[in-house]
Amino acid sequence: MRAGEPRRVPVVWSPETRRHDPRNEVWVGVATIGTETAARVDAILVALRAAGHDLVEATPQPADALLAVHDAELVEHLRTAAERWAAGPYAELVGQERVVPYLFPTPAMTAGLPARPAVAIHADAGRFAYDTMTLVGPGTWEAARAAADCAVQAAGLVTDGAPLAYALCRPPGHHATPSGFGGSCYLNNAALAAHTLRAGGAARVGIVDLDAHQGNGTAAIFYDRADVCYGSVHVDPGAGWFPHVVGYADETGTGPGEGATRNLPLAEGTGDEAWLAAVADLADWVADCDALVVSLGVDAAKDDPESPLQVTADGYREAGRLLRATGLPAVVVQEGGYHLPTLGGLVAAYLAGHARGGPR
Ligand code: SP5
Ligand code: ZN
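Quick summary incoming for the structure in this document. (Residues numbered from 1 in each chain as written. Chains lettered and ligands numbered in written order. Predicted model: local features only at pLDDT ≥ 70, side-chain atom pairs only at ≥ 80, totals over all residues. Heavy atoms only, no water.)

Further remarks concern the overall build of the protein chain. When helices and strands are tallied, the protein chain shows eleven helices and ten strands. Scaling as 2.2 N^0.38, a compact globule of 360 residues should have a C-alpha radius of gyration of about 21 Å, and the protein chain matches this with 19 Å. Taking the principal axes of the C-alpha coordinates as reference, the protein chain spans close to 65 × 40 × 40 Å. Across the 360 residues in the protein chain, those meeting the buried criterion constitute 55%. Long-range contacts, defined as pairs at least 24 residues apart, comprise 78% of the intrachain contacts of the protein chain with a sequence gap of at least 6. Counting every atom, the protein chain has about 14,100 Å² of accessible surface; 56% of that belongs to carbon and sulfur. (Helix = DSSP H or I, 4+ residues; strand = E, 2+ residues; numbered from the N terminus. Rg over C-alpha atoms; globule rule 2.2 N^0.38 Å. Buried < 20%, exposed > 50% of the residue type's maximum accessible area, 1.4 Å probe, protein only. Contact = heavy atoms within 4.5 Å. Areas by Shrake-Rupley, 256 points an atom, 1.4 Å probe, with all protein chains shown as cover.)

Right, here's the structure in full:
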């Protein structure tokens, strides 16, 4: 390989990930058109194939990996919710084929009472779903499971010696917490990749989250752990953006994990220069880890409908170079990115930066 020629990267993907169709997301009580669509998979595949990367179809991975980062009850809910909904009267009654939570049994409702799981699925769904945008329908479980398989398999390639692997995860994962799902995410693919790298012998794993939104799920999974560091650059939740209630700079971890979480919130309208300064800061911060997971959301891009950041494709390419310069073996996990005309090019630009040929 000539120096400067991009390295070919294994792209782990699965046709099963197309099976989740959000159709509508209920947002502020209105059924809006979902932006986290199956067409995202094909937009990314086409661009990465054209860039000469190696497509690898995922095979089912051991299911117990899921339980390393999620509660068994959440996994069981996701696995069965669509069947439970289909067995109910919802399609005939209201024409709704997707599981939409009707109430949320948070402490505001249960208020210290000995609450138990609701029998009706429309009430039980709110025990796990923390928003109304992230609906479960036919195929959602199969797609989420396949996305998790992509992440685990890509991490396995890195454990086995690949310097870099990309997991085409869809639906995305970084908003999925140990016990809940939301933000278009069901299973936390990046956390599963980090867990797989740890199990494969990496003593400390760094996660750098480039998605426009703070990955509250990943942050929560590792908040009290010192062996997996989580750093994120994202639009300031204090300016009114998802995930709204967490992602502030003073959240730095707890207990043994104190200092192992970093949040770098940015103002609306932030472009390449300040965004890349934050990425460089996170790259330095994780450089003494043994392996890296990149949560590659490309929704910080200027044309993206879901965020007000203004990053360019050149910015993403430079972010790839900055993370490559850590010298760490890396698993890149797809998160958000919703502007179909530019989506594939943004992902390809990042990978071109991270995969540059020549000695690492
Ligand atoms: C993985 C990821 O990027 N999740 C995004 C979570 C934030 N979504 C917030 C959506 C707010 C409503 N958007 C309305 C757009 C109308 N379609
Ligand atoms: Zn996002």
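On we go.
The next subject is the layout of surface pockets. Size it by volume and the largest pocket reaches roughly 480 Å³. For the largest pocket, the lining is made up of 23 residues, of which W27, M133, H213, F242 and E306 are closest to its centre. Residue assignment for the lining of the largest pocket shows that the elements contributing at least two residues are β2 (24–27) and β3 (30–33). Its residues assigned to classes, the lining of the largest pocket shows nine nonpolar, ten polar and four charged. One number sums up the size of the second largest pocket: a volume of about 230 Å³. (1 Å grid on protein atoms, 1.4 Å probe; cavity = no way out; pocket = protein on both sides within 12 Å on 5 of 7 lines; lining within 4 Å. Points joined across faces, edges and corners; volume = space filled by probe spheres on them. Nonpolar A, V, L, I, M, F, W, Y, C, P; charged D, E, K, R; others polar.)

Before going further, it helps to examine the pairing of strand β7 (residues 228–235). Each regular strand shows side chains that alternate between the opposite faces of the sheet. Among the eight residues of β7, eight are classified as buried, and the element is accordingly described as predominantly covered. Judged from the five bridges that link them, strand β6 (residues 205–209) and β7 form a sheet pairing that is parallel. Its bridge partner being in β7, V205 is matched across the sheet by V228. Read from β6 through helix α8 (residues 216–222) to β7, the crossover connection turns out right-handed. Note that β7 and strand β8 (residues 261–266) share six bridges and pair parallel. From the neighbouring strand, V235 faces β8, where its bridge partner is L266. (Pairing = 2+ DSSP bridges. Right-handed = clockwise from strand over helix to strand, strands pointing away.)

Our next topic: the site of ligand 1. Residues in close proximity to ligand 1 total 15 residues, the closest being W27, G183, D299, E306 and Y338. The separation between a nitrogen atom of ligand 1 and a polar side-chain atom of H175 is 3.4 Å. The separation between an oxygen atom of ligand 1 and a polar side-chain atom of H213 is 3.3 Å. When ligand 1 is considered free in solution it has 500 Å² of accessible area, and contact with the protein chains removes 83% of it. Placement of ligand 1 is best described as lying within the largest pocket. Grouping the constituent residues of the shell around ligand 1 by class yields seven nonpolar, five polar and three charged. (Near = heavy atom within 4 Å. Polar contact = N/O pair within 3.5 Å; in protein donor to acceptor, adjacent residues only side chain to side chain. Sits in = over half its atoms within 2 Å of the grid points.)

Right, let's talk about the packing of helix α6 (residues 140–159) against helix α7 (residues 189–199) for a bit. Helix packing geometry: the angle between the two helix axes and the distance between the axes. Closest axis-to-axis distance for the α6/α7 pair is 8 Å, and the angle between their directions is 30°. As summarised for this structure, α6 and α7 are arranged roughly parallel, according to the angle between their axes. Crossing of α6 against α7: the hand is right-handed. Contacts from A144, A147, A148, A151, V152, A155, G156, V158 and T159 in α6 reach N189, L192, A193, T196 and L197 in α7. For the contact of α6 with α7, the residue count by class is ten nonpolar, four polar and no charged. (Axes fitted to C-alpha atoms, helices over the stretch in contact; angles between N-to-C directions. Parallel < 35°, antiparallel > 145°, perpendicular 65-115°, else oblique. Left-handed = near helix turned anticlockwise from the far one by under 90°.)

Taken together, D211 (OD), H213 (ND1) and D299 (OD) make up the protein donors of the zinc ion (ligand 2), found 2.0 to 2.1 Å from the metal. One can describe the site at the zinc ion (ligand 2) as tetrahedral: its four donor atoms subtend angles covering 96 to 134° at the metal. All donors to the zinc ion (ligand 2) come from one chain, and their sequence spacing reads D-x1-H-x85-D. Within this pair, whereas H213 is found in the loop between β6 and α8, its partner D299 is found in the loop between β9 (291–296) and α10 (313–324), the two being separated by 86 residues in sequence. Here H213 and D299 have matching classes, each one buried. (Donors = N, O, S within 2.8 Å, 3.2 Å for Na, K, Ca; no water. Tetrahedral: all angles 85-135°; square planar, octahedral: opposite > 155°, others 65-115°.)

With that settled, consider helix α1 (residues 39–50). Here α1 contains twelve residues, and its C-alpha end-to-end distance of 17 Å stays within 8% of the 16 Å for a straight helix at 1.5 Å per residue. Within the span of α1, buried status applies to R40, V41, I44, L45, A47 and L48. Where α1 is buried, its residues contact β1 (10–13), β4 (54–57), β5 (164–167), β10 (330–334) and α11 (340–354). (Expected span 1.5 Å × (residues − 1).)

With that settled, the discussion passes to empty space enclosed by the protein. A probe matching the size of a water molecule, rolled over the atoms, marks out where space remains unfilled. In the structure shown here, the tally under the stated rule is three cavities of 30 Å³ or more. In this structure, the largest cavity is lined by H20, P22, E25, E36, M133, T134, L135, S184 and Y186. Split by residue class, the lining of the largest cavity holds four nonpolar, three polar and two charged.

So, about the side chain of T110. Of note, T110 is situated in helix α4 (residues 107–110). Setting aside its immediate chain neighbours within four residues, T110 contacts P105 and A115.

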